[in-house]
Amino acid sequence: MAAPEVTHLPNLPNDVEGLRQSIRDAVVRVVGEDPRQATERDWMEALAFAIRERMVERRLLTRRQFADEDVKRVYYLSMEYLIGRMLEANLRNMGILEPARQAMADLGVNLDTILDLEDDAALGNGGLGRLAACILESLATQGYPGYGYGIRYEFGMFRQEFEPYHQVEHPDNWLRYGNPWEFPRSDRKYPIHFYGHVVEHHHPRGETRYTWENGEEVLAMAYDYPTAGYGRRNVNNLRLWAAKATRDFDLRYFNEGDYIRAVADKAESETISMVLYPNDATAIGKELRLKQEYFFVSASLQDILDRHLALGYNLDALPDKVAIQLNDTHPAIAVAELMRLLVDCHELSWDRAWDLARRTFAYTNHTLMPEALETWPVELMERVLPRHMGIIYQINHDFLEQVRHRYPGDNDRLARLSIIDEQNGRRVRMAHLAVVGSHRVNGVAALHTQLLQETLFEDFYNLWPERFVNVTNGVTPRLWMIQANPALTELLGQRIGNDWQYDLDRLRALEPYAHDADLQKAFLDVKRANKVRLANLVRERTGVELNPDVMFDVQIKRIHEYKRQLLKLLHVVDLYRRIRAGEDVAPRVVLFGGKAAPGYARAKGIIQVINEVADIVNHDPAVGDRLKCVFFPNYEVSSASIIIPAADVSEQISTAGFEASGTGNMKLALNGALTIGTLDGANIEIRDAVGEESIFIFGMTADEVVEHRRNGPNPEAILAQQPNLAAAVEMIESGFFTCDDPGTHGDLGRYLRHEDPFFVIADYAAYTEACERADTLYADRTAWAEAAILNVARMGYFSIDRTVRDYANQIWDIIPEPVAPSRTNGAA
Ligand code: AZC
């Protein structure tokens, strides 16, 4: 037993006085500046240090309790965490936002100014990465022993600028001033190998053993980000890995006297964690990407096994004490890596190892789109990860034996199920590896899971129906309501108290007041104030002036053909033409936001044409406030939290069957925007929750889309029957919006007329009809307010806390372990 001084944790005070002292001290001791001369950034850093001391204290308490209680832990493996800013979130979840505001004011610093200085931590592309961040926050909030693992990218999601219309990507150097939230753990380093070859060791009795030799080695070093729960003392951990060159690696060249080469090679090996691939829903197949995937998976699994053994458990207890969730297939190589660690390093038998691995892993699928499904050429996998290729062959061999036994002679089925795709130049299907190596596979919304079972994983579903479950996505109300929408949070508090912050279903208590005139007025006032806040930001970023008294119609998400920003744009052009023709149309502000993958030409073309249309529309004196169109630059988590509370209408208009779930749809609806949407992803469940009267559903269903495609779509024929739509398409392709270069959009015209792969043309009439229903309701302020309030009241199901409980109960088999105030560290 160590002496009390050694085991004691500091237990820092959380009142205004205590915080003020910590912050002032940190300016001197950590930032190294005289408080008299400290800049706002110095104060921001000092504040961050004062919070992180308190976070780490609770983190250690949490860890001690988990160890004492013998808990089962879940590890979330994700290539992406789209976290956003951390300062306000940490202050709020630690319960010290208001004392800190006061302490800063006492020091002569305005907290809101400070909060605005922070860069977003944008270590993700979109929905998948943001979901991962929400899940970590909820795990801590609900007291679950849950940890994130990922990559500490030096450059996150690119910064988007328009020059003047097309997207230009700028590097996101988010760590340039250092990062006060991370704890570098130089004691937590693991060697990661690439390339080399495999040596077989035949043992006369027993199994053949393998060693992997002469590869390149790089170190993975841990950086820890404590993650605080809201309204609880639990603080969990997100561990991100950075690549560091090993000393040995340098030495080879140093010895040869090639100093420069040695240093250059060191830099080269560290590129593994340099940059996030900015691709959302397309697999790129680059060697560096495969190395990134393996790098973080191997480090995480080594760390997980180390902890497991250090806690005194044996390897047979792995599935009882550890659950590992694979966030899409990006970490799917974990299946082979765990087998390697168990069999080659810990010398377990193959069968025993396989049983443990399968019971430990579960896999979440986020998309059905074929181009997003990762496959790696066998040749590449063999070169970069030769031992893993051998292991995958073995897994596949055993698996196909099972299939053969079950379906004798069915070679087509074998080929369809095989982990190796033999049709397209021999590739490893990572989704198959993930399904075979997991005990649960989940989709992220009811329709998505159903489609997984019927299409992408049909053969697997027939084989193992019990393996497939649905876990509908959710969003954290802490960020997406309490932080983003303080005015509505306040109003809810006055009306129904604050229980909903922990149990979002309690929003239902609002329902009986939906037609209360006072509440309606207060609700509309809040919305208007949020619109003014957004209008100010839009003016600052784009120079465009928005009228807060017209409908704000918002489509914010990655730019993709299937998400159909073009459908919204055609509506804008249609309205514009009709306004110019003297027609009376309902006024609206249309706001787009989102990034295009740098190599996705069609998506970049869509951004360009939206910006061009916006420029003409916004400067046409004949239009005035009746129509404004804005492409909000560099859409990210921090701007989302200004845009979302200001939206009246939420555009969720993907081609049915393509959007796995969507989570922006949930954030917007929770903030009182009414949805115009197709029956796709979680829109279906949102409709079921809020009721037909609070949502504008339109367009083909997923089944009808399949049927429509089978019948051979004919956009030209539809255009011939819809003069408004035809006129809008003509206006774009004629170069009306591109005075300098009328030829630019001829291609877009051809695309819509002859290809239209996502049925923008086919759904257009139904879409505009849904927009008109929204306009009619919007004109009736009372009816609109009632529908919007009901919408908020009925969104409880879409809390990430429910999502996490579903994972915990259906997949991970873990229970919450709330941290009690400790006896020696009893302060609240
Ligand atoms: C997204 C899906 O497109 C979106 O519908 C879903 O809500 C989100 O995941 C969270 O589940 N997918 C991605 O962001 N990326 C990939 C590779 O699917």
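Above this text is the structure in question.
Structural notes, computed from the coordinates. Worth saying up front: this structure is predicted, and the values here are computed from it rather than measured.

Here the structure, examined in full by the defined rule, presents 27 aromatic pairs. Measuring from centroid to centroid gives 5.8 Å for Tyr75 and Tyr149, while their planes differ by 40 degrees, and the two rings are tilted. Of this pair, Tyr75 sits in strand β1 (residues 73–77) while Tyr149 is found in strand β4 (residues 146–151), placing the two residues 74 residues apart along the sequence. Comparing Tyr75 with Tyr149, the two get one shared label, buried. For the ring pair Tyr576 and Phe736, a centre distance of 6.2 Å and an interplane angle of 65 degrees mean the geometry is edge-to-face. Residue Tyr576 is found in helix α23 (residues 565–580), and its partner Phe736 is found in the loop between α30 (723–733) and α31 (746–755); the two are separated by 160 residues along the sequence. Grouping aromatic residues by their ring pairs yields a cluster made of Tyr363, Phe399, Phe457, Phe460, Tyr461, Trp464 and Phe468. Sitting over the face of the ring of Tyr223, Arg152 holds its NZ or CZ atom 3.9 Å from the ring centroid. The ring centre of Tyr797 lies 3.9 Å from the NZ or CZ of Arg802, which sits over that ring.

Near the ligand lie 14 residues; those nearest to it are His366, Asn473, Glu659, Ser661 and Gly662. A distance of 2.8 Å separates an oxygen atom of the ligand from a polar atom in the backbone of Gly662. Here the ligand has 430 Å² of accessible area as a free molecule, and 93% of this is covered by the chains. Taken together, the residues of the shell around the ligand sort by class into 5 nonpolar, 7 polar and 2 charged. Summarising the domain contributions, the shell around the ligand has at least three residues from each of domain 2 (70–85 + 120–472) and domain 3 (536–776).

In this structure the tally under the stated criterion is 0 disulfides. With no disulfide of its own, Cys629 lies closest to Cys771 among cysteine sulfurs, the gap being 13 Å.

Turning our attention to the sheet that holds strand β20 (residues 588–593). Overall, parallel pairing links the 6 strands, which are arranged β21-β20-β19-β22-β23-β24 in an open sheet. Pairing within the sheet leaves two strands with one partner each, and these edge strands are β21 (627–632) and β24 (695–697). Neighbour-to-neighbour, the strand axes of the sheet open up by a mean angle of 20 degrees, direction not taken into account. Pairing between strand β19 (residues 551–556) and strand β22 (residues 649–652): 2 bridges, direction parallel. If you follow Val554 over to β22, its bridge partner there is Ser650.

There is a patch of like negative charges on the surface, built from Glu454, Glu458, Asp703 and Glu704. With relative accessibility at 40%, the residue Glu458 sits in the partly exposed group.

For Tyr751, the location among the structural elements is in helix α31. Considering only alpha carbons, one finds Tyr751 and Arg602, 149 residues apart in sequence, at a separation of 9.9 Å. Among all residues touching Tyr751, those that are not within four sequence positions of it are Glu561, Leu566, Arg602, Asp756 and Pro757.

Rules of the game
Residues numbered from 1 in each chain as written. Predicted model: local features only at pLDDT ≥ 70, side-chain atom pairs only at ≥ 80, totals over all residues. Heavy atoms only, no water. Phe/Tyr/Trp six-rings, centres within 6.5 Å; stacked < 30°, edge-to-face > 60°. Helix = DSSP H or I, 4+ residues; strand = E, 2+ residues; numbered from the N terminus. Buried < 20%, exposed > 50% of the residue type's maximum accessible area, 1.4 Å probe, protein only. Lys NZ or Arg CZ within 6 Å of the ring centre and 35° of its normal. Near = heavy atom within 4 Å. Polar contact = N/O pair within 3.5 Å; in protein donor to acceptor, adjacent residues only side chain to side chain. Areas by Shrake-Rupley, 256 points an atom, 1.4 Å probe, with all protein chains shown as cover. Nonpolar A, V, L, I, M, F, W, Y, C, P; charged D, E, K, R; others polar. Domains from an automatic or database assignment. Disulfide = S-S within 2.5 Å. Pairing = 2+ DSSP bridges. Axes fitted to C-alpha atoms, helices over the stretch in contact; angles between N-to-C directions. Patch = residues over 30% accessible without salt bridge, like charges linked within 9 Å, V, L, I, M, F, W, Y side chains within 5 Å. Salt bridge = Lys/Arg side-chain N within 4 Å of Asp/Glu carboxyl O. Lys, Arg positive; Asp, Glu negative; His and termini not counted. Charge placed at Lys NZ, Arg CZ, Asp CG, Glu CD. Contact = heavy atoms within 4.5 Å.

None of this, on its own, says anything about what the molecule does.
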